[in-house]
Amino acid sequence: MRMRSMTPVPVAVLALVAGMWHLSVAQQAPYYMHRCQRDDPQVNDCLQYAANKLTKYLRDGIPEIGIDDVEPVVVDEIAIALGSGPDGYRATFKNIEAFGVSNLTFVNVRSDIDTLQFQMTIDIPKIKARAQYKSSGVLLLLKASGAGDYWGEYDGVKSKIYFKASPYQGDDGLTYLTVDQTKMDFSVKDIKMGVENVVNQNAIIHAAMNLFINTNAQELLKEMKPQLRTKLTEHLHDFMQRLFDRIPFEYWLE
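Here's what I pulled together on the structure shown here. Model, not experiment: these values are computed from the prediction. (Residues numbered from 1 in each chain as written. Predicted model: local features only at pLDDT ≥ 70, side-chain atom pairs only at ≥ 80, totals over all residues. Heavy atoms only, no water.)

### Regarding the pattern of salt bridges
Turning to step 1, where the next piece is worked out: Tallying each qualifying case throughout the model produces eight salt bridges.
Turning to step 2, where the next piece is worked out: The partner of lysine 158 in a salt bridge is aspartate 123, with the nearest N and O atoms 2.8 Å apart. Residue lysine 158 is found in strand S7 (residues 146-169), and its partner aspartate 123 is found in strand S4 (residues 117-136); the two are separated by 35 residues along the sequence.
Turning to step 3, where the next piece is worked out: By relative accessible area, lysine 158 is classed as partly exposed at 37%.
Turning to step 4, where the next piece is worked out: In this structure, lysine 126 engages aspartate 155 in a salt bridge whose closest nitrogen and oxygen atoms are separated by 2.6 Å. Taken together, the residues lysine 126 in strand S4 and aspartate 155 in strand S7 connect sequence positions 29 residues apart.
Turning to step 5, where the next piece is worked out: Owing to a relative accessible area of 32%, lysine 126 belongs among the partly exposed residues under this scheme.
Turning to step 6, where the next piece is worked out: Look at aspartate 155 and you get partly exposed, because its relative accessible area is 23%.
Turning to step 7, where the next piece is worked out: One network of salt bridges, with partners in common, ties together Lys126, Glu153 and Asp155. (Salt bridge = Lys/Arg side-chain N within 4 Å of Asp/Glu carboxyl O. Helix = DSSP H or I, 4+ residues; strand = E, 2+ residues; numbered from the N terminus. Buried < 20%, exposed > 50% of the residue type's maximum accessible area, 1.4 Å probe, protein only.)

Have a look at this one:
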């Protein structure tokens, strides 16, 4: 029997089929996404809704994109200095773990879609933190050198975040984003903090330290803030890049 040779499929047809396949994939936004229309007059409200929907699923992890657990947020180390000279109080906080950050709500989103610039305001009801600390120097006329455990409760956290991105085409033909710039700032309404399990420290000094810490909580946070903001901005930048490397832009906007 004579076999008829198969006619080669034109490259243009293959490209068309591939393009239709990518379009089909892009049209099927996953369960954790809500896609917005870029020409929607209410696009910022839509993006706010989409961000809150994604956040809800991120709290429990989204294995499909390789994110299983988003807490605790870990900061390796920050330090504060109160006063100058050899007796100035110094404290170092290491292995800081923060819980409750993922329980955030986007309350405002502003965007410039053409330049891929976004500004967001988020609220977090409460963040609990713990760390190991080590201190030296004089505090309230008392020698306050020691080491132990630090704890903090931060209520009414509000943060403003800005980022700028640029697009690139992935190997799958879809569009992804690179985070080019990230800025953030935050404020805390109420703070409770203290130290415990302090090595070689009597009860009087321990009580005086905790009284000072809670009485001056906002001032202490002000001292911590520059380093803390830098570390948290780095974490935020890396986390957003992980998301944008895994979620095509076509799932966010069309």
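Read on for the rest.
### Examining the packing of aromatic side chains
Turning to step 1, where the next piece is worked out: Inspection of the entire model under this criterion finds eight aromatic pairs.
Turning to step 2, where the next piece is worked out: Here tyrosine 31 and tyrosine 32 contribute two aromatic rings whose centre-to-centre distance is 5.1 Å and whose plane-to-plane angle is 85 degrees, an arrangement assigned as edge-to-face.
Turning to step 3, where the next piece is worked out: A relative accessible area of 5% places tyrosine 32 in the buried class.
Turning to step 4, where the next piece is worked out: Summarising the aromatic geometry, the rings of tyrosine 31 and tyrosine 57 are spaced 5.2 Å apart at their centres and angled 80 degrees between planes, so their arrangement reads as edge-to-face. With tyrosine 31 in the loop between helix H1 (11-27) and helix H2 (43-58) and tyrosine 57 in helix H2, this pair connects stretches of sequence that are 26 residues apart.
Turning to step 5, where the next piece is worked out: Relative accessible area serves as the criterion here: at 41%, tyrosine 31 is assigned to the partly exposed category. (Phe/Tyr/Trp six-rings, centres within 6.5 Å; stacked < 30°, edge-to-face > 60°.)

### A closer look at unusual backbone geometry
Negative phi values dominate among residues other than glycine, just as trans dominates among peptide bonds.
Turning to step 1, where the next piece is worked out: Geometrically, the link from glutamate 71 to proline 72 is a cis peptide bond, its omega value of -5 degrees lying close to zero.
Turning to step 2, where the next piece is worked out: With respect to the helices and strands, proline 72 occurs in the loop between H2 and strand S1 (73-82).
Turning to step 3, where the next piece is worked out: The phi dihedral of asparagine 197 falls on the positive side, at around 55 degrees, and the residue is not glycine.
Turning to step 4, where the next piece is worked out: Checked against the element boundaries, asparagine 197 lands in the loop between strand S8 (175-196) and helix H3 (203-215).

### Some words on H2
Turning to step 1, where the next piece is worked out: Relative to the 22 Å expected for 16 residues at 1.5 Å per residue, H2 spans 22 Å between its end C-alpha atoms, a close match to the ideal helical length.
Turning to step 2, where the next piece is worked out: For H2, the set of buried residues is Val43, Cys46, Leu47, Ala50, Ala51, Leu54, Thr55 and Leu58.
Turning to step 3, where the next piece is worked out: In this structure, the buried side of H2 is in contact with strand S3 (105-112), S4, helix H4 (217-246) and helix H5 (249-252). (Expected span 1.5 Å × (residues − 1). Contact = heavy atoms within 4.5 Å.)

The values reported here are purely geometric and, on their own, carry no functional implication.
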